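So you can see what is in the structure, the chains are spelled out below.
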Amino acid sequence: MTQKTYYITTAIDYVNGEPHIGHAYQKIIADALSRWHRLQGKEVFFLTGTDEHGKKIADTAKKANKGPKEFVDSIVPKFKEAWKALNINYDRFIRTTDEDHKKTVQEFIKKVQKGGDIYLGKYEGLYCVGCEAYYTEKDAQNNECPIHKKPLETIKEESYFFRLSKYKKFLLDHYKKNPRFILPAERRNEIINRIKEELQDLSISRTSFKWGIPFPGNPKHVTYVWFDALINYYTATQTKGKEKFWPADLHVLGKDNAWFHTVYWPAMLKSAGIKLPKTIFNHGFLTVEGQKISKSLGNTISPIKIVSKYGSDSMRYYVMRATPFGEDGDFSEAELIKRHNTELADKLGNLISRVTTLAEAIGLQKTPLKSLKTDKLIKKMQESLENYQTDKALNELFAFIDQCNTFVQQTKPWETKDKKILYELTNALKDIAILISPFLPETAEKIAKTLNVELSWKQLSLPLKIEKVKKSEILFKKIEMKQAEQKTQTVQIPKASQTISYEEFSKMQLKVGKILKVEDHPNAEKLLVLSVDLGEPTPRTIVAGLKKHYKKESLLNKKAIFVANLQPATLRGIESQGMILAAVSEDESQIIFLTPEKDIKEGSNIR
Ligand code: ZN
């Protein structure tokens, strides 16, 4: 009997930054796989979401002057927007701050506790805040995080431990019995070697910060972010009607997450008495124009920007076709444009346009199919996708598109006016639309509309019904390479959602002011109270956080730039009637107020 349901998950993204191409790559492939299974008539559950707890989020939120929940609430919509732009058709977007998840995590821990696999101990180790993980001295050369290349902190804290070491034999046996549990194979070998070397118990709670799920039975502790996050896949199946989807068919992840998902996760599930997922696929990383994607390098390209420039389907096609899933790949706009032009426009677009134009002019006549059958193609695509080879599946499909283009050349229907030939070609377009729909959903919809056909598996084996076709709109306009030269700007320029119009900016009144008086704030260590002449009848009182950075007398009679129409705010009991502008170094160790380059009268406007 064939399987009726299919449960696929992506990594849940850590929301300390905004979505970039790397995040998008994984979601696109998971989306195509989920659409492929849905197309075949399975009941599919496709889960994605965000990972929102941990010290790194708490720290990032603090820097942004926000509470952690307020901060994550401001980031999550950006992920949802990006997935919408890319047609990522998920069934649930889970957040680890969701109530049902918190409840499931606590129940899960209780199950593991009941089994005797949790004990209280002391942990001392080298910790990377960036990774939210401890490193052994062996993994961390020069006490540096191997991923972030930053010094590790030595942390000592009371912690609950999970008896991971107990599961060494279980895990090795499980990998052996289930060769498709860890894919691709080279990653399986890495994991096996590492487990054989050492498998220590895992610290699963923290006391040094509060932003996490309270540990059951001991409110001093919060659950370690990885122990919390992994459980999301299970949480999503604990609502009514979704139970049938567990165990998951496929967890799709980046290779940096392999250890957590192939070692911690199955041991946790085994301990809690829950079935293990079937396959954990660990894909490679994308670089951007040959460089590692990194916030500090400033090359985190926004997927929305790429979609607005080239369209969602071209982006999807490029990342799936260019890199074998599992291996490392590169994202290059010039390459994207090349594939858009030579494959999508010249091959697919051209075929659809030629065939529908001729079919409209000449007409169709139904005939049994002879030359352009797709049964072999379907089988090959199925085999490729069973092995998660999206690039290969697309190669097969484009080989068929080539075959159709050659067939047009050879049969010359514009000369022969052969309606049967055109029927056979139009029928092939139907199959192409159906088979390409998981990869290029927008394009498939357009072809389906032209042919008035439903995008379903059943339609593959049914001959095209219609005998009249209208010519298709142009599906892919060629992109000039010039555009490629103006490479999409990286994060140095704010994303569209963060920019303001000139009109909005002009609402802000900035003025030159002269500091007449400087006093200590009576109730605040860091604040000074300034009396400032903004060219108005009376001076204003402005509270500024400059005390650590300037001696009072050094500010006296200086001219600086002020925001003059800021809503007054009471800071520790004193109303501030404006704000001084200052340059702040990244670590906030330096704060330097801005001043006009030459002397100018107080009250002058800044534009
Ligand atoms: Zn790190």
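(A) Structural context of the sheet that holds strand β6 (residues 153-162). Spatially, four strands are ordered β5-β4-β6-β8 in an open sheet, and the strand pairing comes out antiparallel. Taken across any chain shown, the strands that pair with only one partner, and hence form the sheet edges, are β5 (133-135) and β8 (202-203).

(B) Spatial organisation of the coordination of the zinc ion. At this site the zinc ion is bound by C128 (SG), C131 (SG), C145 (SG) and H148 (ND1), with donor distances of 2.1 to 2.3 Å. Considering all four donor atoms around the zinc ion, the spread of angles at the metal, 99 to 114°, places the coordination shape in the tetrahedral class. Between consecutive donor residues of the zinc ion, the sequence gaps follow C-x2-C-x13-C-x2-H. Overall, the relative accessible area of 1% leaves C145 in the buried class.

(C) Structural context of the sheet that holds strand β15 (residues 329-331). The strand order across the open sheet built from three strands is β14-β13-β15, with neighbouring strands paired in mixed fashion. Of all strands in the sheet, those with a lone pairing partner are β14 (291-292) and β15, marking the two edges. Relative to β15, strand β13 (residues 286-288) is paired through three bridges, and the arrangement is parallel. Considered in β15, the bridge of L286 is made with G329.

(D) Geometry of the environment of G212. If you trace the backbone, G212 turns up in the loop between β9 (205-206) and β10 (222-223). Looking at G212, the relative accessible area reads 15%, which means it is buried. Separated by 45 residues in the primary sequence, G212 and Y167 have C-alpha atoms spaced 26 Å apart. The contacts of G212, once residues within four sequence positions are left out, are H53 and V222.

(E) Structural view of the packing of helix α5 (residues 168-177) against helix α9 (residues 258-272). Contact geometry of α5 with α9 gives a least axis separation of 10 Å together with a crossing angle of 105°. With respect to α9, the axis of α5 lies roughly perpendicular. Here α5 contributes F170, L171 and Y175 to the contact with α9, which in turn contributes T262, V263, P266, A267 and K270. Split into classes, the residues belonging to the contact of α5 with α9 amount to six nonpolar, one polar and one charged.

(F) Representation of the pattern of salt bridges in the model. Per the stated rule, a full pass over the model turns up 31 salt bridges. Note that K166 and D117 form a salt bridge whose closest N and O atoms lie 2.6 Å from each other. Of this pair, K166 sits in the loop between β6 and α5 while D117 is found in the loop between α4 (99-114) and β4 (118-128), placing the two residues 49 residues apart along the sequence. In this structure K166 comes out as partly exposed when scored by relative accessible area, which is 48%. Each of the salt bridges in this network shares a partner with another, and the network as a whole consists of E52, K69, D73 and R95.

(G) Inspection of the domain arrangement of the chain at higher detail. You can read the domains of the chain as domain 1 (5-283), domain 2 (330-461) and domain 3 (502-606). Computed over C-alpha atoms only, the centres of domain 1 and domain 2 are separated by 40 Å. With 16 residues of domain 1 in contact, the opposing surface of domain 2 contributes 18 residues. In total, domain 1 and domain 2 occlude about 1,500 Å² of area from one another, counting both sides; carbon and sulfur atoms represent 69% of this. Of all residues in domain 1, W36, L39 and R180 bury the most surface against domain 2, accounting for 41% of the area lost on that side. Counting only elements with at least two residues in the side of domain 1 that touches domain 2, the list comes to α1 (21-39) and β12 (279-283). Among the elements that line the side of domain 1 that touches domain 2, the one with the most residues is α1, at eight residues.

Calculation criteria
Residues numbered from 1 in each chain as written. Predicted model: local features only at pLDDT ≥ 70, side-chain atom pairs only at ≥ 80, totals over all residues. Heavy atoms only, no water. Pairing = 2+ DSSP bridges. Helix = DSSP H or I, 4+ residues; strand = E, 2+ residues; numbered from the N terminus. Donors = N, O, S within 2.8 Å, 3.2 Å for Na, K, Ca; no water. Tetrahedral: all angles 85-135°; square planar, octahedral: opposite > 155°, others 65-115°. Buried < 20%, exposed > 50% of the residue type's maximum accessible area, 1.4 Å probe, protein only. Contact = heavy atoms within 4.5 Å. Axes fitted to C-alpha atoms, helices over the stretch in contact; angles between N-to-C directions. Parallel < 35°, antiparallel > 145°, perpendicular 65-115°, else oblique. Nonpolar A, V, L, I, M, F, W, Y, C, P; charged D, E, K, R; others polar. Salt bridge = Lys/Arg side-chain N within 4 Å of Asp/Glu carboxyl O. Domains from an automatic or database assignment. Buried area = accessible area lost by both parts, 1.4 Å probe.

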